[in-house]
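Survey of secondary and tertiary structure
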Amino acid sequence: MASVGLLFLCAVRPAHAGTFFVTVAGLGGEPDYDQRFTEAATDLDHILKSSGGEIHVVTLTGPNSTRQHVEDALAQVAREAKPDDDFVLILIGHGTFDGVEYKFNLPGPDVSATELAAWSDRIPAKRQLIVNTTSASGGSIAAFDRPGRAVIAATKTGTEKNATIFARYWVEALRDPTSDVNKNDAISAIEAFDYANAKTAAFYDSQKRLATEHAVFEDTGKHESVRAASTETGEGLFLSNFTLIRLGSAQKAFADPAKRDLLAKKEELEQKIDTLKYQKAAMSPDDYKQQLTDALVELARVQQEIDK
Amino acid sequence: MNRALQAALAGGVIFCAAHAAKAAVTAITPDACATLRKHGKTPEAHSCYEALSQQRDPYLRAEGYWGLKMYREANDQFRQAVAQSDANPLYRVRWGRLLHERFNNTDADNLFKEALQHDPKNAQAYLGLALVSADGFDNAAIDWDEKALALDSNLIEAHELMANLALEDSATDLAVKEADAAMALSPDALDAMAIHAAVEVLGDRPPDAWFEKIRSVNPHYGEAYALVAHHLILNRRYEDGIAYYRKAIELDPEDWSAHSELGINLMRLGQEDEPRRELELSYANDYRDAATVNSLRLLDSYKNFVTFKDDTLTLKLQKKEADLLHPYVEAVAKKAMATYEAKYKFKLPGPVQIEVYPDHEDFAVRTLGMPGLGALGVTFGEVVAMDSPSGRKPGDFNWASTLWHEMSHVYILTMTNHRVPRWFAEGLAVHEETQASPEWGDRVTPEILLAIRDKKLLPVTDLDRGFVRPEYEAQVIVSYYQAGQICDYIQSRWGADKLLEMAHSFAKVQPTADVIQQDLGISAADFDKQFLAWLDGHVGKTAANFDEWRKDLKDLAEAAKAHHNDDIIQQGQQVRDLYPDYVYDANAYEFLAQAYEAEGNKKDAAAVLTDYEKRGGHDPDTLKELASLEDGLGNPAEAAATLNRINDIYPSDEQLHRRLGDLWLAQNNYPGAIREYSSVVAMHPIDAASAHLSLAQAYLAAGQTDKARENVLETLEAAPDYRPAQKLLLQLEDDNKGK
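Each value, and the rule that gives it
- Residues numbered from 1 in each chain as written.
- Chains lettered and ligands numbered in written order.
- Predicted model: local features only at pLDDT ≥ 70, side-chain atom pairs only at ≥ 80, totals over all residues.
- Helix = DSSP H or I, 4+ residues; strand = E, 2+ residues; numbered from the N terminus.
- Contact = placed C-beta atoms within 7 Å.
- Pairing = 2+ DSSP bridges.
- Axes fitted to C-alpha atoms, helices over the stretch in contact; angles between N-to-C directions.
- Parallel < 35°, antiparallel > 145°, perpendicular 65-115°, else oblique.
- Left-handed = near helix turned anticlockwise from the far one by under 90°.
- Nonpolar A, V, L, I, M, F, W, Y, C, P; charged D, E, K, R; others polar.
- Domains from an automatic or database assignment.
- pLDDT = per-residue confidence, 0-100.
- Core = buried A, V, L, I, M, F, W, Y, C linked by C-beta atoms within 7 Å.
- Buried ≥ 20, exposed ≤ 12 C-beta atoms within 10 Å, placed from the backbone.
- Expected span 1.5 Å × (residues − 1).

1. A short note on the overall build of chain B
Helix and strand content of chain B: 40 helices and five strands. Counting only C-alpha atoms, chain B reaches 110 × 65 × 50 Å along its principal axes. Residue pairs at least 24 apart in sequence account for 54% of intrachain contacts in chain B once pairs closer than 6 positions are excluded.

2. Focus: the sheet that holds strand 4 (residues 377-380) of chain B
Residues and elements named next belong to chain B. Strands sit in the order 1-2-3-5-4 across an open sheet of five strands; the sheet is mixed. Of all the strands in the sheet, the pair left with one neighbour each is strand 1 (305-309) and strand 4. The sheet shows a mean angle of 15° between the axes of neighbouring strands, taken without regard to direction. Judged from the five bridges that link them, strand 2 (residues 313-318) and strand 3 (residues 352-357) form a sheet pairing that is parallel. Of the residues in strand 3, the one forming a bridge with Leu 315 is Ile 354. Relative to the sheet, helix 21 (residues 360-367) contacts strand 3, strand 4 and strand 5 (383-387), its axis offset from that of strand 5 by approximately 140°.

3. Remarks on the packing of helix 7 (residues 89-101) of chain B against helix 9 (residues 123-135) of chain B
Residues and elements named next belong to chain B. As a packed pair, helix 7 and helix 9 sit with axes 9 Å apart at the nearest point and diverge in direction by 15°. The orientation of helix 7 with respect to helix 9, classified from their angle, is roughly parallel. When the axes of helix 7 and helix 9 are compared, the crossing they make is left-handed. Contacts between helix 7 and helix 9 pair Pro 89, Val 93, Gly 96, Arg 97 and His 100 from the former with Gln 124, Ala 125, Gly 128, Leu 131 and Val 132 from the latter. Across the contact of helix 7 with helix 9, the residue classes tally to five nonpolar, four polar and one charged.

4. Structural notes on the domain arrangement of chain A
According to the domain assignment, chain A contains domain 1 (9-246) and domain 2 (256-307). Using only C-alpha atoms to locate each centre, domain 1 of chain A and domain 2 of chain A end up separated by 33 Å.

5. Side note on the sheet that holds strand 1 (residues 19-25) of chain A
Residues and elements named next belong to chain A. On the basis of which strands lie adjacent, the open sheet formed by six strands has the order 2-1-3-7-8-10 and mixed pairing. A strand with exactly one partner marks an edge of an open sheet, and here the two such strands are strand 2 (55-60) and strand 10 (216-218). For this sheet, the mean inter-axis angle between neighbouring strands, taken without regard to orientation, is 10°. Here strand 1 pairs with strand 3 (residues 86-92) via seven bridges, running parallel.

6. Some remarks on the confidence of the model for chain A
Close reading of the predicted structure is inappropriate where its pLDDT is low. Scored by pLDDT, chain A comes out at a mean of 89, with 92% of its residues at no less than 70. Across residues 1-12 of chain A, confidence stays below pLDDT 50; counting only partners more than four residues off in sequence or on other chains, it has ten contacts.

7. Observations regarding the nonpolar core
Ranked by internal contacts, the top residues of the largest apolar core, which has 299 residues, are Ala224(B) and Val228(B). Once you skip the residues sitting within four places of it in the chain, Val228(B) turns out to touch Ala194(B), Ala197(B), Ala198(B), Val201(B) and Tyr244(B).

8. Things to note about the interface of chain B and chain A
When the parts come together, some accessible area is lost, and that loss is often what is quoted as the size of the interface. Facing 21 residues of chain B, the contacting portion of chain A comprises 23 residues. At the level of secondary structure, the elements contributing two or more residues to the side of chain B that touches chain A comprise helix 38 (688-701), helix 39 (705-718) and helix 40 (723-738) of chain B. For the side of chain B that touches chain A, the element with the most residues is helix 40 of chain B, which contributes five residues. Residue composition of the side of chain B that touches chain A, by class: twelve nonpolar, two polar and seven charged.

9. Digging into the domain arrangement of chain B
Residues and elements named next belong to chain B. Each domain of chain B was delimited in the assignment, giving domain 1 (302-416), domain 2 (419-539), domain 3 (545-652) and domain 4 (657-739). Taking the mean C-alpha position of each, domain 1 and domain 3 sit 31 Å from one another. Across the contact, twelve residues belong to domain 1 and nine residues belong to domain 3. Mapped by element, the contributors of at least two residues to the side of domain 1 that touches domain 3 are helix 20 (319-343) and helix 22 (399-415). For the side of domain 1 that touches domain 3, a count of residues per class yields seven nonpolar, four polar and one charged.

10. Notes on the pairing of strand 5 of chain B
Residue and element names in this part refer to chain B. For strand 5, the buried fraction is high: five of the five residues fall into the buried class. Going residue by residue along strand 5, you find Val 383, Ala 385 and Asp 387 tucked away on one face and Val 384 and Met 386 tucked away on the opposite face as well. The pairing of strand 3 with strand 5 spans five bridges and is parallel. Its bridge partner lying in strand 5, Glu 355 is registered against Ala 385. In the sheet, strand 4 pairs with strand 5 via four bridges, with the strands oriented antiparallel. By the bridge assignment for strand 5, Thr 379 is matched with Val 384.

11. Observations regarding the pairing of strand 8 (residues 149-153) of chain A
Residues and elements named next belong to chain A. The buried fraction of strand 8 is high, at five of five residues. Judged by which residues are buried, strand 8 turns out to be covered on both faces: Arg 149, Val 151 and Ala 153 on one side and Ala 150 and Ile 152 on the other are all buried. Note: strand 8 against strand 10, three bridges, orientation antiparallel. Each residue of the ladder has a partner; that of Ile 152, found in strand 10, is Phe 217.

12. Structural notes on helix 6 (residues 166-175) of chain A
Of all ten residues in helix 6 of chain A, seven are buried, a share of seventy percent or more. Within helix 6 of chain A, burial applies to Phe166(A), Ala167(A), Tyr169(A), Trp170(A), Val171(A), Ala173(A) and Leu174(A).

13. Some words on helix 23 (residues 422-436) of chain B
With 15 residues, helix 23 of chain B extends 21 Å between its outermost C-alpha atoms, agreeing within 8% with the 21 Å of an ideal straight helix rising 1.5 Å per residue. Of all the 15 residues making up helix 23 of chain B, 14 are buried; the element is thus mostly covered by neighbouring parts of the structure.

14. Points about the environment of Asp138(B)
Secondary-structure assignment places Asp138(B) in the loop between helix 9 and helix 10 (140-151). Sequence separation between Asp138(B) and Val468(B) is 330 residues, and the spatial gap between their C-alpha atoms is 8.7 Å.

Written out as structure tokens, the structure reads:
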């Protein structure tokens, strides 16, 4: 059983690792959009900076979000980040796609997805995430995609050209604790994606407007973007392990050697519950319910001990 | 001798057979073929049209193909005919008639208008325009037809159309007069005879003599029965209408229009299998108008619906929202049934079926071919179809009020055997909405105020026309309001029982003027005068103030934009009082509340929004703001009541249910809290774990530990590390062990 726990511990990145966030609010083209993009980026900046932990945040808005500043910011991350760190690039604004190349609209010269990808390649962080919330962002996925880097795009293709609202709900996801659906006191990239995706769809639905954006992600390296996670194909697994924000004291217990046995037991029970869920279809409902209840009760008692 | 000529001769229409066959064939005319068909000589007519289709003249070929139901070929030939002889209006008129018959009214309309450019006095072109307009119950149909008759008073078809239009408007005398005019011009005016038959059927008198006349001309003229069916359906006599469509099909099994109508109307009565067969039959035979195609699509979409049934109620809800809407719709429907059963002293013979459509297009299929707006709900006997609250923007309508309205129709139509004029059924239903809740029902909107001010209300005896064939854009809405106010007036002056008495009088097929004279003791003309005086006492001042209000509201909006709170507070009340029923976009209530809130005066903000709520304001965000103010001012019960009202408007709101659940749980209203948290769960929220946990807590508070345990397990299955759920699970475990 101890080996299960060890495996689990190996699957997560070291507790001391940090996350580097670079957020860029691009050119709005008109005051309303400029204001909206800047507000979203500024809100995100506050949320990230107040979330604690080993977080490094660079936010570029308004006249500061030039191509040169973006390159400089990514170069700085490339200098500071370690392989065990995580790196997240968030693009807010308008994008264009001419069928070949995606460009992110910035004050002055625009920047292409290829250039952004090249600058991000210099960053040693093994786990990277690019969240492109712009119009036509689907056209950037192919350029960004590489092993160890997940891509989230607000539109499924480069041809969805209307201004998007995904960014609004992406920011909201990191602020709203209800996006933490598994209640582990952390918001993972997949939870934030699911939240923003659902809220975006609900917005168009409630306004009786035809949805002009359909968010997708690619996190398997198969170069196939998808709209939802799948336990069968493994899509979404990388994002579910990619923590963006920690809400509580989830990491505190790891620092306490006296609780290591309890933590190992907890992890064992969590694995057991996960396994049970995967076996649910093959089990009788009564048997499933009984085994699940037993495991959950035991897990609750272990957690009670850990919290003492 | 060729087959066409033999047939033509057998039909007795043709001329001299002694000449060469070629000469005889060239003498065959579209009119001759049409006459054969009109007299039921189908094989002969077929041969005649076949002969036409072999003529050199593309126009004649077009008529021939059309008669043979080879519509594409006919269309091609008409195109060729027009290309060859652009100035001949006849070709365009006939082409337009073909397109009208084949469901393309847009192009038909254009062709008739083009024909008029070539010949401004072409009566047939005006008739064509009238036919196109008549399809959509457009008032222009009457104008066009009048023009056609003014140009050619011998145009039989125009008289028949006028008779039909008049009967649709319940103007029976005019219908009979026009039908007689047609028959005076031709003893074969079958549709005029059918109008007479319809008049008899609608009056519950035997139509046999008229059908006998029709049979003597054409024993297979099923269209006469279909015409009667059309009028029965318009008068909401669906069962009777269906019976007549069946007779039409019996006489002419290839009347695909009748098959389609039969299918559509069987659907309206809640059936699925036979309608599908009938509609598929029509479709397979190339009868593919919008109603047929869309009805088939709707039938296909029923796989996405789920049905809840008990002895008195069948609910058909879209799967995605069924669990959410079920408790709310069922509660309102059951309450309405109990209320109407007692009030109308009538028990429905069978269960009511309520269909709720989240896709407005699906609902719209239900109202195709029906007059009036049909905007929110429609009742077919004991079947109600309505828009789902999720089918429209939040705050667009109060679905509970709409359902209450439709349920009134269910009772009134059933108890009067569907013999009640439209104005009375609609007026009573609107009246019942406000009787159920003063916040429900129609407010006096700006267009209604303008109609009142400009004296556009119809006499009560003509009020049906306002619903069926509106003369101006807002007339349907105005007519709903007027009819509702008439019922309010009758109740206030003669008492509520008088309305029931009138319903029973209408059931005896008495016209409005007679019912008013008999039951209210005054003439319809006096009734109109006294009603208008009463209405003037209620809204006359508001109508007179309309222009001043509009100007002041604009100023108020400017002040709000500039955040001039003092000005808003100073002027807002006066603007509001000029037109207190105005609770729509940019209303004085919201401007005032925002100004009060900006000044930190939450009490007055809450007070003004309470007025808004009582006046029927139904913007969910504004009502949620009121609830927040009420809660903040220490009135959680009022806050809960306000939020609960939003359930009647837009229940597809997760946060609404969470807040209301929390408020009711804190107020020990456990059933209410359970319902609200269940609604959160039913919405499949992103945060399912916390939704199940809240529900578990409500169940636990209500003493339902099994359900509490079930839900806490659901919570932890989704989020095994959720601390509050773990605690609750352990509490339940410990309680269980302690027993």
